[in-house]
Amino acid sequence: MTGTLAAVGAGLAVIGAGIGLGQIGGKAVEAIARQPEASGDIRGAMILMAAFMEGAALIAILLSIFMT
Amino acid sequence: MLRQFFILSCLFLSTVAFAQQHKHDHGHKHDGHEHNQHDGHDHSGHNHDGHSGHDHSGHDHSGHAHSDSGDGHDGHGHEEHKNNFVTDCGTPAQPHHHHGYDPTGTAIHHISDANVYTIMDMVRIPLPAIIYNKTRGLEFFSTGKFGAGHHDNGHYGYKDYVLYQGNIHRITCADFQGSDHYDVQGFDTAMIKAKEGKDIEKRYAIVNGKGYLLEQKTIWDAGLLGGGPSNFIDLSPTKNVVSMILVSLLLFLGFRSAAKAYTTRAGEAPSGIQAYLEPMFQYIRDDVAIPFLGDKHEKFLPLLMTIFFFILGLNLWGQVPFLGSVNVTGSLTVTAIMAIIVFIVTTINGNADYWKHILWPPDTPLFVKIILIPVEIMGMFIKPLTLMLRLAGNISAGHIAILSFVGLIFIFGKAGASLGGSLTGTALAIPLTLFMMAIELIVAFVQAFVFTILTASYLGAATEEHHDHH
């Protein structure tokens, strides 16, 4: 039962990442709806931000895998 | 779409048939090796009683001498493994058939690199092995010598090398005398509790009825994956290396014909492979390189394009079903090298402004500087680290998800024991795997794009000319 706490840690990291992704995606869609002509730039920024956030979440998940 | 669905369904049903065969396989996997050949190396001094009967059905391990195992492992509160060898070398042992299905082990095995290129557990392409060890120096041979079978376990050994789960292992025992060709009856593992509380898997090859401790190749992974220096270094072109060479070759041929088309068909609408590559190339140039790098984009365009198409090509190559499902971009070593290249290029091209922002951030009070400088220096290394982890994590996660869904067939089918369960598992696995494969197709593009756009943004930050500070 050593892996249990690590799994909880991975789950917590995913919750945080999910909230972050929701914020990024929601705000980006709002921005595109307000200014459809800027949709290209907004999409690029959205993916970039999502990638940064995903990096943080992945570090947390990998730490929880290795630091069991 | 419907046709693809039909084809995939047929393939999955063949998986069920395979699962049934899998069951039978366990029954007589080592039939061909029941006769001990004792060729050249006589272990008459050892106790042969334990395996005289070769009773494969009962798995009776009563012949093992467990006399002093009590103080060996019980002291750690560890449940004694059925096959805990008292000593690691030359203990009598029988091939142990692990019944049931191990989803985690299977997934890890399938996403790992290997010394043979296996297609659908049927076609095994032997690869050259280049091994360096301290006692004998460099050694070259073909992994075809191992006669890999089910689970990519070798049926034969070469010198003191054996093939376990597709990877070359070395028998470390001093009293072991190998030859150029000897039978390996099977493999076994035992979980040993290490003092840090981590379980370490010990692997054994069973030769002539005796278990011999195996050592894996040297992996410098800071002990995270249980690696470290061992007694040999594997320099072989593995499955991943072969895939990288193949994909690079395909990319080279594709881009050469596209490049040629611009001179032979100048002014005409793009066609053929050119029509596929041009939109992607333009997208990366116009939406990634130019916004982040501005005037300097031409200098870094070759790097960005190479990164993008190399990652994309390998991502897609790994997703072709039943073609080995190589996990190259999901391998940390490959992404680590790419991240190191990005780190070196960024650091070399960093201008005075970039270093000033890291080492002495302008227009910030001193107490903020004290916090900011270590954070910025850490950031220099965290950036490539996240590049490495993100790509490997995403691609590996996709492979593991697909493998887990395919594994449903084996879980419901009780590793081939129940046909109804296998069919239920198949009915579940087909839509789930189709869905996952569609997602992975998007992920293949997105991750290649993300790696490229982040590289461009790091390079852009390092080469930015002027800042207005207010």
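Residues numbered from 1 in each chain as written. Chains lettered and ligands numbered in written order. Predicted model: local features only at pLDDT ≥ 70, side-chain atom pairs only at ≥ 80, totals over all residues. Heavy atoms only, no water.

1. So, the overall build of chain B
So, step 1. In terms of regular secondary structure, chain B is built from ten helices and 13 strands.
So, step 2. Classification of the 470 residues of chain B by burial places 44% in the buried group.
So, step 3. Partitioning the contacts of chain B with sequence separation of at least 6, the portion at a separation of at least 24 is 65%.
So, step 4. For chain B, the accessible area works out to roughly 23400 Å², and carbon and sulfur atoms hold 65% of it. (Helix = DSSP H or I, 4+ residues; strand = E, 2+ residues; numbered from the N terminus. Buried < 20%, exposed > 50% of the residue type's maximum accessible area, 1.4 Å probe, protein only. Contact = heavy atoms within 4.5 Å. Areas by Shrake-Rupley, 256 points an atom, 1.4 Å probe, with all protein chains shown as cover.)

2. As for the nonpolar core
So, step 1. Judged by nonpolar contacts, the single largest core of 47 residues is most densely connected at Phe308, Ile311, Met338, Leu387, Phe451 and Leu454 of chain B.
So, step 2. When contributions to this core are tallied by element, the ones reaching two or more residues are helix H2 (39-66) of chain A together with helix H4 (239-264), helix H5 (273-293), helix H6 (297-319), helix H7 (332-349), helix H9 (366-412) and helix H10 (419-463) of chain B.
So, step 3. For this core, the leading source of residues is H6 of chain B, giving 13 residues.
So, step 4. Setting aside residues no more than four positions away along its own chain, phenylalanine 308 of chain B makes contact with Met280, Ile284, Phe445, Ala448, Phe449 and Thr452 of chain B.
So, step 5. In this structure, Ile171, Phe176, Ala205 and Tyr212 of chain B belong to the second largest nonpolar core, which totals twelve residues. (Core = buried A, V, L, I, M, F, W, Y, C linked by side-chain atoms within 4.5 Å.)

3. Brief notes about the packing of aromatic side chains
All names here are of chain B.
So, step 1. As enumerated under the stated definition, the model contains ten aromatic pairs over all chains in all.
So, step 2. The interplanar angle of 80 degrees and the centroid separation of 5.9 Å between the aromatic rings of phenylalanine 141 and phenylalanine 146 together place this pair among those described as edge-to-face.
So, step 3. Overall, the relative accessible area of 7% leaves phenylalanine 141 in the buried class.
So, step 4. When the centroid spacing of 5.6 Å and the interplanar angle of 35 degrees are considered together, the rings of tyrosine 283 and phenylalanine 449 count as tilted. Residue tyrosine 283 is located in helix H5, and its partner phenylalanine 449 is located in helix H10; the two are separated by 166 residues in the primary sequence.
So, step 5. Given a relative accessible area of 39%, tyrosine 283 falls into the partly exposed group.
So, step 6. Ring pairs connect the aromatic residues Phe141, Phe146, Tyr158, Tyr161 and Phe232, which therefore count as one cluster. (Phe/Tyr/Trp six-rings, centres within 6.5 Å; stacked < 30°, edge-to-face > 60°.)

4. Description of the side chain of histidine 297 of chain B
All names here are of chain B.
So, step 1. By the secondary structure assignment, histidine 297 is in helix H6.
So, step 2. The class for histidine 297 is buried, based on a relative accessible area of 13%.
So, step 3. The residues touching histidine 297, leaving out its near neighbours within four places in the chain, are Arg285, Ala289 and Ile290.

5. Focus on the confidence of the model for chain B
All names here are of chain B.
So, step 1. For chain B, per-residue confidence averages 75 on the pLDDT scale, and 75% of positions sit at 70 or higher.
So, step 2. This stretch, residues 15-86, has a pLDDT under 50; its non-local contacts, to residues over four places away or in other chains, come to 116 contacts.
So, step 3. Among the scores for the predicted complex, ipTM is 0.76 and pTM is 0.76. (pLDDT = per-residue confidence, 0-100.)

6. Here's the deal with the pairing of strand S3 (residues 123-126) of chain B
All names here are of chain B.
So, step 1. Where strand S2 (residues 116-119) lies against S3, four bridges are found, and the strand directions are antiparallel. By the bridge assignment, threonine 118 is partnered in S3 with arginine 124.
So, step 2. The antiparallel hairpin formed by S2 and S3 contains three residues in its connecting segment, where methionine 120 sits at a positive phi of about 60 degrees. (Pairing = 2+ DSSP bridges.)

7. Overview of helix H8 (residues 352-359) of chain B
Residues and elements named next belong to chain B.
So, step 1. When H8 is considered as a whole, its buried residues turn out to be Asp353, Tyr354 and Ile358. Projected onto a plane normal to the axis of H8, the buried residues spread over an arc of 135 degrees and lie on a single side.
So, step 2. Where H8 is buried, its residues contact H7, H9 and H10. (Arc of directions from axis to C-beta.)

8. Quick notes on the packing of H7 of chain B against H9 of chain B
Residue and element names in this part refer to chain B.
So, step 1. Put simply, H7 and H9 touch, their axes get as near as 8 Å, and they point 145 degrees apart. The crossing of H7 and H9 is right-handed. Along the contact surface, H7 presents Leu332, Thr335, Ala336, Met338, Ala339, Val342 and Phe343, while H9 presents Met380, Phe381, Pro384, Leu387, Met388, Leu389, Leu391 and Ala392.
So, step 2. Across the contact of H7 with H9, the residue classes tally to 14 nonpolar, one polar and no charged. (Axes fitted to C-alpha atoms, helices over the stretch in contact; angles between N-to-C directions. Left-handed = near helix turned anticlockwise from the far one by under 90°. Nonpolar A, V, L, I, M, F, W, Y, C, P; charged D, E, K, R; others polar.)

9. Here we look at the pattern of salt bridges
Residues and elements named next belong to chain B.
So, step 1. One pass over the structure, following the stated rule, counts six salt bridges over all chains.
So, step 2. The salt bridge partner of lysine 159 is glutamate 139, with a shortest N-O separation of 2.9 Å. With a gap of 20 residues between them, lysine 159 in the loop between strand S6 (156-157) and strand S7 (161-164) and glutamate 139 in strand S5 (residues 137-142) connect regions that are remote in the sequence.
So, step 3. Linking aspartate 160 and arginine 170 is a salt bridge whose minimum nitrogen-to-oxygen distance equals 3.1 Å. Taken together, the residues span a long stretch of sequence, with aspartate 160 in the loop between S6 and S7 and arginine 170 in strand S8 (residues 167-171) at a distance of ten residues.
So, step 4. Taken together, the salt bridges that share partners define one network made up of Arg136, Glu139, Lys159, Asp160 and Arg170. (Salt bridge = Lys/Arg side-chain N within 4 Å of Asp/Glu carboxyl O.)

10. Some words on the pairing of S8 of chain B
Residues and elements named next belong to chain B.
So, step 1. Across the five residues that make up S8, a large majority, five, are buried.
So, step 2. The side-chain alternation of S8 yields two buried faces, one formed by Asn167, His169 and Ile171 and the other by Ile168 and Arg170.
So, step 3. Pairing between S7 and S8: four bridges, direction antiparallel. Bridge pairing in S8 links tyrosine 164 to asparagine 167.
So, step 4. Counted along the chain from S7 to the antiparallel partner S8, the turn is two residues long, and its residue glutamine 165 has a positive phi close to 50 degrees.
So, step 5. Pairing of S8 with strand S12 (residues 210-215) involves two bridges; the strand directions are antiparallel. Following the sheet pairing, arginine 170 is matched in S12 by glutamate 215.

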